[in-house]
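# Overview (structure and organization)
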Amino acid sequence: MNWLREFARRLRMLIHRREFDADLEEEMRLHLELREQEQLQSGMTAYYAQAAARRRFGNATYLKEESRIAWGWEWFENVAQDVRYGLRMLRKSPGFAVVAVLTLAVGIGATIAIFSVLDGVVLKPLSYPQPEQLVGVEVTPLALDPSLRGMAAEDYFVFRDQSRTFQDIGIYAGTDTDRDVNVTGFAEPERVHALDVTHGVLSVLAIPPMLGRIFSPSDDSPGAPRTAILTYGYWQRKFSANPSAIGKTIIVDGMARQIIGVLPRNFRFLDMQDLGLILPLQLDRNKTYLANFSYFGIARLNAGSTLSQASADVARMLPITLDTFPPPPGLSLDFLQKAHLAPNLLPLKQEVVGNVGLLLWVLMGGLGMVLLIACANVANLLLVRTEGRQHELALRAALGASRRRIAAQLLCESAIIGLLGSIFGLGVACAALRFLVALAPSGLPRISDIGVNLPVLQFTLGITLFTTLLFGLIPVLKHAGVRASVPEGGRTLGLSRERHRARNFLVTVQVALALVLLICSGLMIRTFRVLTHINPGFARPAELQTFRISIPDSDVPDDASVPRIQQQIQDKLAAIPGVSSVGFSSAVPMDGDSRFDNVFAADRTYAQGAPPPLRHLLFVSPGYFHTLGIPLIAGRDLTWADTYNRVPVALISENLAREYWRTPGEALGKRIRITTVDDWRQIIGVVGDVRDDGMDKPARTDVYWPTLLAKFQSRPLHAQRHVTFVVRSPLAGSASFMNQIRQAVWSVDANLPLASVYTLNYFYTRSMARTSFTLVMLGIAAAMALLLGTVGLYGVIAYSVSQRTREIGIRMAIGAQRRDVMSLVLGEGMFVILIGLGVGLAGSLASTRFLSSLLFGVTATDPLTFAGVIILLAIIALAACYIPARRAVRVDPLVALRYE
Amino acid sequence: MHGYEVANSIQRISDDILEVEEGSLYPALQRMLIKGWVTAKWGTTAGNRRARYYQLTAAGRKQLDVEMSQFERVIGAITRVIEAV
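Notes on the structure follow.

## Digging into the overall build of chain B
The helix and strand inventory of chain B stands at three helices and two strands. The globule rule puts the C-alpha radius of gyration for 85 residues at 12 Å, and the 16 Å found for chain B is more than 25% above it. Dimensions of chain B along its principal axes, counting C-alpha atoms only, are 55 × 30 × 20 Å. Long-range pairs, those at least 24 residues apart, make up 20% of the contacts in chain B with a sequence separation of at least 6. Accessible surface for chain B amounts to roughly 5900 Å². Of this, 59% is attributable to carbon and sulfur atoms. Taking the 11 positively charged and 10 negatively charged side chains of chain B as two groups, their mean positions are separated by 13 Å.

In structure tokens, the structure reads:
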């Protein structure tokens, strides 16, 4: 307790500092006066009495200082003094302050912004309780296509009943636009994003409902009363946040459902946007056939289980599923076993984030380099300034300032700059974030999690400390120990080469970093060029307007009527002025469609049970290929007669034709089918390849079927109810054109909402979004690096020239020609540049490999890019040196020699 | 006593043998103030001047005893060493 009282006493002194000083002063004065009186009484004169008293007393100033130090606040007073002094000095040179703070603000701001994105998307855990226990559970057919993953009903039943590592498991149905349900019963019908789940899904996520209840096992039973859960947004929108919504009925896809619960406001299902309804998957165990992998799985691990244990457990259970449930008609069990189904479990966060993490780390690295360059610039500025204060610092040292004290003061000034730079940097970051989020590739996961929150602020603090120390220590190390005698009049002969070392080193670093960034940008630019020049398989996507229509069972129960309605729509659309062609299909290129199946060819033998490769299936209308600009290589297109008469025909893509039958012509007439019990269908045409997976992946092998088929996939009749219409017109993308389209569609059927209204160009640019985003970001970083580096280089050379004015004057006076001076200055610059380029080259060779997964058509060590960028940077750097060199040449020797 | 009186009494009691640099009393008094071994109060001297009077506290007395015994131990040791010589 004593120390507490002592601290209280010390604190009191801190608050009453002035009073303390006054008291001590008065005390000591009294003492001196009393002693003086005593001396006077013993007969001394006034002058000697005072001197004697003072002598006996000692050094009053020193004693006062010692008394103050005893109280322990010296450090605080020193810092306060340094801060005041630093602010004063900054106010006196506003130019320097503005440049330094701005440079830092840009560098720090950019780094904070990219860190916010990195934190929100990659680092932050998912917002469910104990998210590390959550895993995405999928099955992969290794022998067919290792990139596919999904879950089937049989996996769900078996895993749920027999797992040793899962606390709970659920499956949910993929939620592309086709899953959008028609909700009627309100003022107008609406298409709503819905999610089908088994009851386990919501309990795995462990978010309790805000109102009502979540699904229980009974809701999942086939035949149980139909229920629905609302998301908060939908509840607010449609029910005005009225709690009496619980128990009400809504009509979803023609079926009445009772609302049993509302989810909390901040609930998000993985990364799904705009989710409205959650509906129970009523899977019937008795009607379950194998291999319907239309779902995704999610589970929560037991407290003690690891991911690898869970994987092993799933591997154990997969053969059990094959034993427990029957295969669908047309598919043999042997076939499924040969497909080598294997577990594919990932931490849930990884499933959500995907592989965008690498991209973000690359950007973080790039912007980190920009920050380093900015710091180097500020360090250079500080070095120059501190050099100008040599006189003052030497004086301080001579008066008794310790090295530590001077260092503390210099650091304090740097800290002020660092702090100001940080504060403005935060402002820059907030603005940059808005820009980043707007620019971000669509499909950047967890975008709503990005923001300036606590980890970001902690990072800001850390970065501030780091950068301040980085550029603050450099002048300290160089100048704090100045003990040289104060030069009289400050006359110097001009700076020796020694003095330039620190600044030259900094500029070398800047040049090197700028080179690395420029090379990375160059590689990205070339990648982008390669990608945009690849033939996507279709023509002029900006002219193609697309939208999606679903004709539900409730509206048109007769499958055979569906194509008629679609054809009517197609004809109405073709009648719109300006439209050159119309078609429709189950999917358009790059829209994310993933309907695959094994395709058998009649003239090929397959080893017993060995499955043929998976092919991409599409259901198209006559005229679809013509509309998209997909060339017809052999044979003919579909006709409406083929469709209505259910003629068993199909078209295939050129790569599939060549794979099986050497030339497209030979493929005509061959027969293919899906399962082993379907009708054979004849190939009547071969069309060009389409790069459906994006420009950087090979074209898929496609099989095109008519939109109405008999005995397809073991069903008597298949009608393609969900289709995307494609309309070619120069007006594509305009709102007025879409209005015309809507009128056309509604003149056929007024109940059909149009969804997913995009031009094909949207899908095209979206497929390259990752590349273009990286390109823009790296380009910005490289541009900033180039600017800062060039300015830094120019500054150093210009300063060096100004310091050497006298020397240059002498040289010219004794006979140096203009070109000698020029080569002198340029030579110094070239030396720095060459070393910087060399280091930068080595750095680039080492670091571009991190970029290689983002590159396409260009190697990470592409010599052309490297050479081009090096030459470019060398030219710019030389130009930066040239300007001060010209000024040096214009030095008048007489003026220079007189100049001090 | 106030600072001047302390200096004088040290000189007087030690018969002029101990002559301290008088000013160094003040930092010493400050240190004792921090530690709580003395308290200080402003008062008036005989000559009607304002002076700060210091007083030993209970904790101070305890500390004095500690220092005293420490000091006596050291002196005793030195004496013994010299006598042994």
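After that view, the rundown keeps rolling.
## Some points on the interface of chain A and chain B
In this complex, chain A contributes 23 residues to the contact, which on the side of chain B involves 25 residues. Roughly 2300 Å² is buried in total at the junction of chain A and chain B, and carbon and sulfur atoms are behind 52% of that figure. Considering only the surface of chain A that becomes buried against chain B, Glu27(A), Leu30(A) and His31(A) emerge as the three largest contributors, covering 25% of it. Joining chain A to chain B, the criterion identifies eight salt bridges.

## Comments concerning the nonpolar core
All names here are of chain A. Judged by nonpolar contacts, the single largest core of 97 residues is most densely connected at Val121, Ile417, Leu436, Phe471, Leu517, Leu793 and Leu851. Broken down by element, the residue count for this core peaks at 18 residues, all from helix α14 (residues 356–388). Setting aside residues up to four positions removed in sequence, leucine 851 forms contacts with Val362, Cys520, Leu523, Met524 and Leu778. Ranked by size, the runner-up nonpolar core spans 29 residues in total, among them Met151, Ala153, Leu283 and Phe600.

## A few points about a nonpolar patch on the surface
All names here are of chain A. Nonpolar side chains collect at one region of the surface, where Met1, Trp3, Leu4, Phe7, Leu11 and Ile15 lie side by side and expose about 680 Å² of accessible area between them. Here methionine 1 shows up in the segment before α1 (2–15). By relative accessible area, methionine 1 is classed as exposed at 63%.

## What to know about the pattern of salt bridges
A complete count under the given rule lists 39 salt bridges over all chains for this structure. Salt-bridge contacts for Asp21(A) lead to Arg68(A); the nearest nitrogen and oxygen are separated by 3.4 Å. Placement of Asp21(A) in helix α2 (residues 17–41) and of Arg68(A) in helix α4 (residues 60–70) is noted, with a sequence separation of 47 residues between them. Relative accessible area serves as the criterion here: at 29%, Asp21(A) is assigned to the partly exposed category. Relative accessible area serves as the criterion here: at 27%, Arg68(A) is assigned to the partly exposed category. Among the ionic pairs, Glu66(A) bridges to Arg31(B), the shortest N-O distance being 3.7 Å. In this pair, Glu66(A) is assigned in helix α4 and Arg31(B) in helix α2 (residues 25–35), connecting two distinct chains. Judged by relative accessible area, which is 25%, Glu66(A) ranks as partly exposed. Since its relative accessible area comes to 40%, Arg31(B) is described here as partly exposed.

## Thoughts on the pairing of strand β2 (residues 166–173) of chain A
Residues and elements named next belong to chain A. Most of β2 is tucked away: six of the eight residues are buried. Inspection of the sheet shows β2 paired to strand β10 (residues 295–301) by seven bridges, in the antiparallel sense. Bridge assignment links isoleucine 171 to a residue of β10, and that residue is glycine 297.

## Brief notes about helix α15 (residues 390–399) of chain A
All names here are of chain A. Within α15, burial applies to Leu393, Ala394 and Ala397. Across the axial projection of α15, the buried residues extend over an arc of 100 degrees, all falling on one side. Relative to its buried face, α15 has exposed residues pointing more than 90 degrees away, namely Ala398 and Leu399. Each element contacted by the buried residues of α15 is listed here: α14, α16 (403–439) and α17 (454–479). Immediately downstream of α15, the backbone of glycine 400 shows phi near 115 degrees, a positive value.

## Quick word on the side chain of Asn655(A)
Residue and element names in this part refer to chain A. Note that asparagine 655 resides in helix α22 (residues 654–661). Separated by 2.6 Å, the side chains of asparagine 655 and serine 653 make a polar contact. A polar contact of 3.4 Å, which involves the side chain of asparagine 655, links it to the backbone oxygen of alanine 699. Beyond its immediate stretch of four places on either side in the chain, asparagine 655 contacts Asp689, Ala699, Arg700 and Thr701.

What counts, and at which threshold
- All residue numbers refer to positions counted from 1 along the written sequence of the respective chain.
- Each chain takes a letter, starting from A, and each ligand takes a number, starting from 1, following the order in which they are written.
- With the structure being a predicted model, the display of local features is reserved for residues of pLDDT at least 70 and the display and counting of side-chain atom pairs for 80 or more, all residues being used for whole-chain, interface and lining totals.
- Excluding hydrogens and water, the side-chain values take into account all heavy atoms of the structure.
- What counts as a helix is a DSSP run of H or I of at least four residues, what counts as a strand is a run of E of at least two, and both are numbered from the N terminus.
- Computation of the radius of gyration draws on C-alpha atoms, with the globule rule given as 2.2 Å multiplied by the number of residues to the power 0.38.
- Contact criterion: two residues are considered in contact whenever any of their non-hydrogen atoms come within 4.5 Å of each other.
- Calculation of accessible area relied on Shrake-Rupley with a 1.4 Å probe; when residues are assessed, cover is drawn exclusively from the protein chains displayed.
- Positive charge is attributed to Lys and Arg, negative charge to Asp and Glu, and no charge count is given to His or to the chain ends.
- Lys charges are placed at NZ, Arg charges at CZ, Asp charges at CG and Glu charges at CD.
- Reported buried area values correspond to the accessible surface (1.4 Å probe) lost by two parts on association, with both partners' losses combined.
- Put simply, a salt bridge is a Lys or Arg side-chain nitrogen that is within 4 Å of an Asp or Glu carboxyl oxygen.
- Take the buried residues of types Ala, Val, Leu, Ile, Met, Phe, Trp, Tyr and Cys, join any two whose side-chain atoms come within 4.5 Å, and each joined set is a nonpolar core.
- Burial classification: accessible surface area is computed with a 1.4 Å probe over protein chains only, and a residue below 20% of its type maximum counts as buried, one above 50% as exposed, and the rest as partly exposed.
- Like charges are joined within 9 Å and nonpolar side chains (Val, Leu, Ile, Met, Phe, Trp, Tyr) within 5 Å, but only among residues with over 30% relative accessible area and no salt bridge; these make up the patches.
- Two strands pair if DSSP finds at least two bridges between them.
- Starting at the helix axis, one direction is taken to each C-beta atom, and the arc is that of these directions.
- Definition of a polar contact: a pair of N or O atoms within 3.5 Å, with one able to donate and the other able to accept a hydrogen when the atoms are protein atoms, and with sequence-neighbouring residues admitted only if both atoms are side-chain atoms.

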